[in-house]
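Listed below, chain by chain, are the residues.
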Amino acid sequence: MVFLIQSNAASANGHAPHATIAATATALPPHKITRDDVKYYFGKVFAVPERRIEAMMSIVDNAAVHQRHAIFPIEYTIEPRPLSQTNNEYMEHAIKLGREASEKCLKRANLRPEDIDLIITVSCTGFMIPSLDAHLIHLMGFRDNIRRMPFTELGCAAGAMALSRAADYIRSNPGTNVLILSVELPSLTFQRKDISQANLISSILFGDGAAAVIVTGKPSPGPRILVTETYTFPDSLGAMGFDLRDSGFHILLSKDVPEMIGAKIKCLVHGFLDRHGKTRADIKGWILHPGGARLLGNVEQELGLCKCDTQPSWDILATVGNLSSATILFILQEWLEKRPLKKGEHAMAAAFGPGFSAEFLLLQWN
């Protein structure tokens, strides 16, 4: 059984005004963590038996993550620090990286901050009140009456859900502009004393970065967001999340997540497309959040896709790792810049996160 939440958007064949992706931009911090760095530091950082280290080295080799970015050098990243310190670091660098991505995105869309009507900020790797959007309003010159929608607890699915909520807002407020900003700094959640498999795996996969997207209700040549849907899996609360302790954020990640998604994905995707008058053959672009290599491979197998269909997802995983909520937006930009579809062709975007939830979007290139 799967619970379904469908957006209030009209169907793909309806006549409601469509939201259009006008521009994307990304920002990465300066420091890099390579696969060789992971192998060098793994045994020095984690107090685990030699046999287990050898097993983890095999996982490192098969993870398809060649490098990631971090806000600090690896020597500082791996040092234990109190939650109060890492959260202050989160606030400082989330504002800095978020501003960089936002300014770049506005420039690409040929818009000014005062042209934005709603700002959606997404992050799950730190905590701040006032939220990130409030800081950027004054730093960047957004209007005082701009609408604000900060997301915190949606994890890796949040970037896709932000696109869905932006489309909903534009359909209710035609002609408006929405700025989506995702900033994730998972390096600040690193736990050297946590030798759980979930923490060891996360130390191999996750990287820091920010992505911004402008969705508009005005005429624009970018892809249109036709329809969106959210699926929440029953009895899946423990599949993914964070456990907040005195030492900071400790990741919760079930080893069964790739299989859980793999078992449902074909039925979910075909049902989503069928409800909106499309078939698997109609989809020319697959904008998929990879999570990890095993998850992406399971999705490919169940949907009958080959790596050539999802290469942008593999490329982002290899070069920047899993960026949590920002990953799907990085992959979206990869498609827009390197594999744009022809006018009228359709793409499907999908991301997965705590809840446990899946977010699906149907896009059409203008």
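Residues numbered from 1 in each chain as written. Predicted model: local features only at pLDDT ≥ 70, side-chain atom pairs only at ≥ 80, totals over all residues. Heavy atoms only, no water.

1. Quick notes on the environment of Leu323
- Following the sequence through the fold, Leu323 ends up in the loop between helix H10 (311-320) and helix H11 (327-338).
- Residues Leu323 and Glu184, 139 residues apart in the sequence, show an inter-C-alpha distance of 6.3 Å.
- With residues up to four places along the chain from it excluded, the contact list for Leu323 reads Glu184, Gly207, Asp208, Gly209 and Phe330. (Helix = DSSP H or I, 4+ residues; strand = E, 2+ residues; numbered from the N terminus. Contact = heavy atoms within 4.5 Å.)

2. Focus on the pairing of strand S7 (residues 177-184)
- S7 sits mainly inside the fold: eight of its eight residues count as buried.
- Burial along S7 is two-sided: Asn177, Leu179, Leu181 and Val183 facing one way and Val178, Ile180, Ser182 and Glu184 facing the other are all buried.
- Relative to S7, strand S5 (residues 118-122) runs parallel, the two being bridged by five bridges. Note on S7: the bridge partner recorded for Leu118 is Val178.
- Pairing analysis gives eight bridges linking S7 to strand S8 (residues 209-216), with the strands arranged antiparallel. Paired with Val178 across the strands is Val215, a residue of S8. (Buried < 20%, exposed > 50% of the residue type's maximum accessible area, 1.4 Å probe, protein only. Pairing = 2+ DSSP bridges.)

3. Describing the nonpolar core
- Ranked by internal contacts, the top residues of the largest apolar core, which has 51 residues, are Phe352 and Phe360.
- Sorting elements by how many residues they give to this core places helix H8 (residues 257-275) first, with six residues.
- Contact partners of Phe360, with chain neighbours within four places excluded, come to Val227, Thr228, Glu229, Tyr231, Ile265, Leu268, Val269, Phe272, Met348, Ala349, Ala350 and Phe352.
- Formed by 40 residues, the second largest nonpolar core is a distinct cluster that contains Leu163, Ala326, Ala349 and Ala351. (Core = buried A, V, L, I, M, F, W, Y, C linked by side-chain atoms within 4.5 Å.)

4. Re the packing of H10 against H11
- Orientation of H10 relative to H11, taken along the N-to-C sense of each, is 120°, at an axis distance of 9 Å. Our classification of the angle between H10 and H11 gives oblique. Crossing hand, H10 versus H11: right-handed. Counting all contacts with H10, which are made through Pro312, Ser313, Asp315, Ile316 and Val320, the residues of H11 involved are Thr327, Phe330, Ile331, Glu334 and Trp335.
- Classifying every residue of the contact of H10 with H11 by side-chain character gives six nonpolar, two polar and two charged. (Axes fitted to C-alpha atoms, helices over the stretch in contact; angles between N-to-C directions. Parallel < 35°, antiparallel > 145°, perpendicular 65-115°, else oblique. Left-handed = near helix turned anticlockwise from the far one by under 90°. Nonpolar A, V, L, I, M, F, W, Y, C, P; charged D, E, K, R; others polar.)

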